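Overview (structure and organization)
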Amino acid sequence: FLSAAKDIGLSITVHANQFGNSGGALLAAELQARSADHLEYLNDQEIQALSDANVVGVVLPACVFYMGTIPYPPVRSMIESGMRIAVATDMNPGTSMTESIPFCLTAAAIYCRMTPEELFWSVTLDAARAIGRASEVGSLEPGKFADITLWRIPNLESLSYHFGRMEPATVFIGGEVIFTGNDASRQY
């Protein structure tokens, strides 16, 4: 199925290794998937194969937190291998009933040992890479869509420090303001 999708020009992503070393990570690497989601169970061979194939690892810390029965992915080893990491919510009613990226950033900081800079990239350019849109969004560059969120926080570390709830000050889509927060005061 995945090979047929690639043959007609579709990019692929793989739900891999959530409950064990299922072979999904190696399949994602072999087929050069755009991304692989979950990756809670990875050995060194799988990490290196994903890195060599430039597969973006999408980690879903809220799912691990909610389930409480599976380990957090070995993100430090993934990053050290050269993998790009995107952090996402996995919003679904079965295992991750949250839309809170701030909570996911906090969990990734604590349990996956991601630095503030790694967290920032994981929800900007590396997230755009995971969905195949890095040429359009994910960073502030000429020619990109200028989808931007401004936060009232004093520094980058605050992205994961104030967990669970963080309201944007201003949101731009395509360079146009679509939301301005009512409270202009700082959250800290």
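This text gives an overview of the structure that appears in the document.

Notes on the overall build of the protein
Secondary structure summary: the protein contains 9 helices and 7 strands in total. Taken over the C-alpha atoms alone, the protein extends approximately 50 × 40 × 30 Å along its principal axes. Counting only residues that meet the buried cut, the protein has 43% of its 188 residues in that class. In the protein, of all internal contacts separated by at least 6 residues, the share reaching a separation of at least 24 is 50%. Carbon and sulfur atoms form 56% of the exposed surface of the protein, whose accessible area is close to 10100 Å². Of the side chains in the protein, 11 bear a positive and 20 a negative charge, and the two mean positions are spaced by 5 Å.

Thoughts on the packing of aromatic side chains
In this description, an aromatic ring pair is defined by two values, namely the gap between the centres and the angle between the planes. Summed over all chains, the structure comprises 3 aromatic pairs. Aromatic side chains Y72 and Y111 sit 4.7 Å apart centroid to centroid with 10° between the ring planes, which places their arrangement in the stacked category. Here the residue Y72 occupies a position in the loop between α4 (61-67) and α5 (75-80), and Y111 occupies one in helix α6 (residues 101-111), the gap between them amounting to 39 residues. Note on F120 and W121: the rings are 6.0 Å apart at their centroids and 70° apart in plane angle, and the pair reads as edge-to-face.

Focus: the sheet that holds strand β4 (residues 85-87)
With parallel pairing, the 4 strands of this open sheet are ordered in space as β1-β2-β3-β4. This sheet does not close on itself; its edge strands, each paired only once, are β1 (13-16) and β4. Across the sheet, the axes of successive neighbouring strands diverge by a mean angle of 25°, strand direction being ignored. By the bridge criterion, 3 bridges tie strand β2 (residues 35-38) to strand β3 (residues 56-59) in an arrangement that is parallel. Pairing of D37 across the sheet is with V58, part of β3.

Examining a nonpolar patch on the surface
Where nonpolar side chains cluster on the molecular surface, the patch consists of I173, I178 and F179 and spans about 290 Å² of accessible area. By the element assignment, I173 lies in strand β6 (residues 168-173). The class of I173 is partly exposed, set by a relative accessible area of 44%.

Side note on the state of the cysteines
Enumeration according to the criterion identifies 0 disulfides in this entry. Lacking any disulfide linkage, C104 is separated from the closest cysteine sulfur, that of C63, by 9.8 Å. Assessed through its relative accessible area of 0%, C104 is described here as buried. Free cysteine C112: the closest other cysteine sulfur is in C104, separated by 10 Å. By relative accessible area, C112 is classed as buried at 3%.

What about the pairing of β6?
With 4 bridges joining them, strand β5 (residues 148-151) and β6 adopt antiparallel strand pairing. Looking at the pairing, T149 lines up with V171 of β6. In this structure, β6 lies alongside strand β7 (residues 176-180), joined through 4 bridges in antiparallel fashion. Bridge assignment links I173 to a residue of β7, and that residue is E176. In sequence, β6 turns back onto β7 through a hairpin of 2 residues, with G174 there showing a positive phi of about 60°.

Definitions and limits used
- Residues numbered from 1 in each chain as written.
- Predicted model: local features only at pLDDT ≥ 70, side-chain atom pairs only at ≥ 80, totals over all residues.
- Heavy atoms only, no water.
- Helix = DSSP H or I, 4+ residues; strand = E, 2+ residues; numbered from the N terminus.
- Buried < 20%, exposed > 50% of the residue type's maximum accessible area, 1.4 Å probe, protein only.
- Contact = heavy atoms within 4.5 Å.
- Areas by Shrake-Rupley, 256 points an atom, 1.4 Å probe, with all protein chains shown as cover.
- Lys, Arg positive; Asp, Glu negative; His and termini not counted.
- Charge placed at Lys NZ, Arg CZ, Asp CG, Glu CD.
- Phe/Tyr/Trp six-rings, centres within 6.5 Å; stacked < 30°, edge-to-face > 60°.
- Pairing = 2+ DSSP bridges.
- Axes fitted to C-alpha atoms, helices over the stretch in contact; angles between N-to-C directions.
- Patch = residues over 30% accessible without salt bridge, like charges linked within 9 Å, V, L, I, M, F, W, Y side chains within 5 Å.
- Salt bridge = Lys/Arg side-chain N within 4 Å of Asp/Glu carboxyl O.
- Disulfide = S-S within 2.5 Å.

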